[in-house]
Amino acid sequence: MESTVGIGILGAGTVGSALIQRLVDDHVAIAAKTGLDFSVRRVAVRDLGKARAFEVPDGVLTDDPWLVVNDPEVMLVVEVMGGRDRAGDLVFAALEAGKPVVTANKELVASRGLELVAAAERSGVPLLFEAAVGGGIPIIRPLSETLAGEPVERVMGIVNGTTNFILSRMAEDGAEYGEALAEAQALGYAEPDPTADVSGADAAAKASILASLAFGAWVGVDDVYYEGIEDLSPIDMAFASEFGYAIKLLAVAERSAAGISARVHPVLLPVDHPLAAIRGATNAVFIEGESVGELLFSGPGAGGAPTATAVLGDVIDAARGVLAGAEVAPRIRFSPAELIRFDDVATKWYVRLEVEDRPGVLAEIAGAFGDSGVSIKSVWQEGAGDEALLLIVTHRAAEADQRAAVEAIAKLDPVRQVASVLRVESEEA
Ligand code: NAP
Ligand code: HSE
């Protein structure tokens, strides 16, 4: 016999409307496979007058999200409206009322995760957020369950579909930045305000979640250093390709004896790295564990249908718990993180300089790197006279030392401009 589960959904935009369509169109198949009869009782939207791609009975759609949370027929709440404060208050209230919550909202989980996990624990109900990182890719459950006993050393991810789509279109088709961004928006990959995508803020929220789950230590979104792709130059994309690199926006979370760090920024990645082959809106997460070795998870990281698949999986998981009536213990516990300051994180830099080509220039530049304790790995020059370009790749050194070196170089007389600085992610030191 099937058991009816009343669902309330906060938001019916890209993800919410795809979820509602699945719950309606695949109702019979889902019931046959899971024994669960889902009934969408309430859906909150901002604008009741907007045309919708789905149909629900009269009275289900409301512009008051509190009606969704407080409806006694709503046994499980799905939050896909986005934002931090209002969504957070609604999720908190649902959990306090003993209702399981499924959310796709990484901004919310990364900023108020500890508070929400505590509320879920108090009420003995699940708080699930598989869709918050990597869209349709199963990554939250593998990290928090399958790999719960694994000493994870490093997680590197392409976790923003919009930026990977833009970088792929620019690198492969020579598309303009604005044109590629507009395409990503039209395809439903981008956040309502795409600044969060291109600035790296969206990926930083995901890095916070990945780091917290990988290391079992809470890494808040404010602990993640981030930079975006807005200032990337086509010149660097061309040089990267010439020298055997792809440029990707990566989220990197690492654990060493000194502590934990999490960061997001564009990197030059050797073309033979598995993440270099990830194109378009596809996301991928590469995990290095002490015992398990290397794992790669990849798939569609954005868009309504794939994200709704992850949300639906959580809904089914949470509904089984509701019907079993069992109290749910949190799947992962977080201890305070011992964080490494970003200034102390060791990275390799690629620096593009516009310089005068005359005797002694390279020696001055090399001297400035040396004075800051940064060792040069390779140097490449193009052009001559007043139009010379120097490309320098350094060995690994602390961020603060790399920055001090480049600040000193910018003041040297023959240096016309520090045209760009990017980090290089490769195995060697
Ligand atoms: P969206 O298309 O902008 O949809 C947001 C929905 O929430 C809309 O239906 C909107 O109503 C409703 N809403 C917003 N504020 C509201 C309020 N105060 N009261 C009632 N309803 C409100 O956003 P989305 O792309 O579906 O994303 C939703 C969440 O999923 C976000 O947290 C996002 O980060 C996450 N996510 C998105 C993707 C993706 O590919 N899009 C992937 C993974 C995770 P109207 O329709 O009336 O405007
Ligand atoms: N805007 C996000 C992206 C959606 O482009 O990846 C998935 O979180």
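These lines cover the structure that appears in this document, whether it is placed above or below.

Topic: the overall build of the protein
- Counting its secondary structure elements, the protein contains 14 helices and 19 strands.
- Computed over C-alpha atoms, the radius of gyration of the protein comes to 24 Å, within 12% of the 22 Å expected from 2.2 N^0.38 for 429 residues, which places it in the range of a compact globule.
- In terms of overall dimensions, the protein has C-alpha extents of about 85 × 45 × 35 Å along its principal axes.
- Among the 429 residues that make up the protein, the fraction classed as buried is 53%.
- At a minimum sequence separation of 6, the contacts of the protein that also span at least 24 residues come to 74%.
- A total accessible area of about 17900 Å² is found for the protein, and carbon and sulfur atoms account for 51% of it.

With respect to the site of ligand 1
- Residues in contact with ligand 1 amount to 26 residues; listed here are only the nearest, Asp 47, Lys 50, Arg 52, Lys 106 and Gly 303.
- With respect to ligand 1, the side chain of Lys 106 contributes an N or O atom lying 2.8 Å from an oxygen atom.
- Broken down by class, the residue content of the shell around ligand 1 amounts to 11 nonpolar, 8 polar and 7 charged.

Focus on the pattern of salt bridges
- The full count for this structure, using the stated rule, is 30 salt bridges.
- Note that Arg 169 is salt-bridged to Glu 183, the shortest N-O span being 2.6 Å. Taken together, the residues span a long stretch of sequence, with Arg 169 in helix H7 (residues 161-173) and Glu 183 in helix H8 (residues 177-186) at a distance of 14 residues.
- Here Arg 279 ties to Glu 172 by a salt bridge, and the two come within 2.7 Å at their closest N and O atoms. Here Arg 279 is found in the loop between strand E11 (259-270) and strand E12 (282-289), whereas its partner Glu 172 is found in helix H7, with 107 residues between them in sequence.
- Each of Arg 154, Glu 254, Arg 263, Glu 288 and Glu 425 takes part in one network of salt bridges that share partners.

Brief notes about the side chain of Thr 307
- Its location among the elements puts Thr 307 in helix H12 (residues 304-324).
- With near-sequence residues (within four places) excluded, Thr 307 lies in contact with Val 15, Ala 131, Gly 135, Gly 136 and Ala 302.

Section: the site of ligand 2
- Every residue close to ligand 2 is listed here: Lys 106, Asn 160, Gly 161, Thr 162, Tyr 189, Ala 190, Glu 191, Asp 197, Asp 202, Lys 206, Gly 301 and Ala 302.
- One of the backbone nitrogen or oxygen atoms of Tyr 189 is found 2.7 Å away from a nitrogen atom of ligand 2.
- The contact in question runs from an oxygen atom of ligand 2 to an N or O atom on the side chain of Lys 206, over 2.7 Å.
- Here ligand 2, which alone exposes 250 Å², has 94% of that area covered by the protein.
- If you list the elements that add at least two residues to the shell around ligand 2, you get H7 and helix H10 (201-215).
- Counted by class, the shell around ligand 2 contains 3 nonpolar, 4 polar and 5 charged residues.

Details of the packing of helix H13 (residues 361-371) against helix H14 (residues 399-410)
- H14 packs onto H13 with a crossing angle of 150° between their chain directions and a minimal axis gap of 8 Å. What the angle tells us is that H13 and H14 run roughly antiparallel. By crossing handedness, the relation of H13 to H14 is classed as right-handed. Here Ile 365, Ala 368 and Phe 369 of H13 lie close against H14, whose contacting residues are Gln 402, Ala 405, Val 406, Ala 408 and Ile 409.
- Per-class residue counts for the contact of H13 with H14 are 7 nonpolar, 1 polar and no charged.

Let's talk about the packing of aromatic side chains
- If you walk through the whole model with that rule in mind, you get 5 aromatic pairs.
- With a centroid separation of 5.0 Å and an interplanar angle of 75°, the aromatic rings of Trp 218 and Phe 334 are classed as edge-to-face. Of this pair, Trp 218 sits in strand E8 (residues 217-218) while Phe 334 sits in the loop between H12 and strand E14 (335-336); the two residues are 116 residues apart in sequence, bridging distant segments of the chain.
- Among the aromatic residues, ring-to-ring pairing joins Phe 239, Phe 243 and Trp 380 into one connected group.

Focus: the nonpolar core
- Membership of the largest hydrophobic core comes to 76 residues, with the highest contact counts inside it found for Leu 95, Leu 127, Ile 139, Ile 209 and Ile 287.
- Excluding its chain neighbours within four sequence positions, the residues that come into contact with Ile 139 are Glu 130, Val 133, Leu 210, Val 285, Ile 287 and Phe 297.
- In terms of nonpolar packing, the next biggest core, distinct from the first, is built from 32 residues, Ile 9, Val 15, Phe 38 and Leu 312 among them.

Considering the environment of Leu 187
- Mapped onto the fold, Leu 187 is located in the loop between H8 and helix H9 (195-198).
- Separated by 25 residues in the primary sequence, Leu 187 and Thr 162 place their C-alpha atoms 9.4 Å from one another.

Some words on the environment of Ala 419
- Structurally, Ala 419 can be placed in strand E19 (residues 415-424).
- Once residues lying within four places of it in the same chain are set aside, the contact partners of Ala 419 are Arg 352, Leu 353 and Glu 354.

Considering H14
- In this model H14 runs 16 Å from its N-terminal to its C-terminal C-alpha over 12 residues, within 8% of the 16 Å that 1.5 Å per residue would give.
- Along H14, the residues classified as buried are Glu 399, Gln 402, Ala 405, Val 406 and Ile 409. Each buried residue of H14 sits inside an arc of 130° when the element is viewed along its axis, so together they form one side.

Cut-offs and rules
- Each chain has its residues counted from 1, running along the sequence as written.
- Chains and ligands are labelled sequentially in the order written, the chains with letters from A and the ligands with numbers from 1.
- Only residues with pLDDT of at least 70 are given local features in this predicted model, and only at 80 or more are side-chain atom pairs given and counted; all residues enter the totals for whole chains, interfaces and linings.
- With hydrogens and water excluded, all non-hydrogen atoms of the structure serve as input to the side-chain values.
- Only DSSP runs of H or I with at least four residues qualify as helices, and only runs of E with at least two residues qualify as strands; both kinds are numbered from the N terminus onward.
- Computation of the radius of gyration draws on C-alpha atoms, with the globule rule given as 2.2 Å multiplied by the number of residues to the power 0.38.
- Per-residue accessibility, obtained with a 1.4 Å probe over protein chains only, is compared with the maximum for each type, and a residue is labelled buried under 20%, exposed over 50%, and partly exposed between these values.
- When checking whether two residues touch, look at their non-hydrogen atoms; a contact exists if any pair is within 4.5 Å.
- Each accessible area is a Shrake-Rupley estimate made with a 1.4 Å probe; only the visible protein chains count as cover when residues are assessed.
- One heavy atom within 4 Å of a molecule or strand is enough for the residue carrying it to be called near that molecule or strand.
- For the purposes of these results, a polar contact is taken to be a pair of N or O atoms within 3.5 Å, where, inside protein, one atom must be able to donate a hydrogen and its partner to accept one; residues adjacent in sequence count only when each atom of the pair is a side-chain atom.
- Each residue is assigned to one class: nonpolar for Ala, Val, Leu, Ile, Met, Phe, Trp, Tyr, Cys and Pro, charged for Asp, Glu, Lys and Arg, and polar for all the others, Gly among them.
- Here a salt bridge means any side-chain nitrogen of Lys or Arg lying within 4 Å of a carboxyl oxygen belonging to Asp or Glu.
- Where helices are involved, their axes are fitted lines through C-alpha atoms of the stretch in contact, as for all axes, and angles between N-to-C directions lie from 0 to 180°.
- Between 65 and 115 degrees an angle is taken as roughly perpendicular, under 35 as roughly parallel, over 145 as roughly antiparallel, and anywhere else as oblique.
- Take the far helix as your reference; a near helix turned counterclockwise from it by less than a right angle gives a left-handed crossing, and one turned clockwise gives a right-handed crossing.
- Paired rings are identified among Phe, Tyr and Trp, the last through its six-membered ring, by centres lying within 6.5 Å, and are further divided according to the angle between planes into stacked (under 30 degrees), edge-to-face (over 60) and tilted (the rest).
- Note on terminology: a nonpolar core comprises buried Ala, Val, Leu, Ile, Met, Phe, Trp, Tyr and Cys residues joined through side-chain atoms within 4.5 Å.
- To estimate how far a helix should extend, the number of its residues minus one is multiplied by 1.5 Å.
- Think of it as the arc spanned by the lines of direction from the helix axis to the C-beta atoms.

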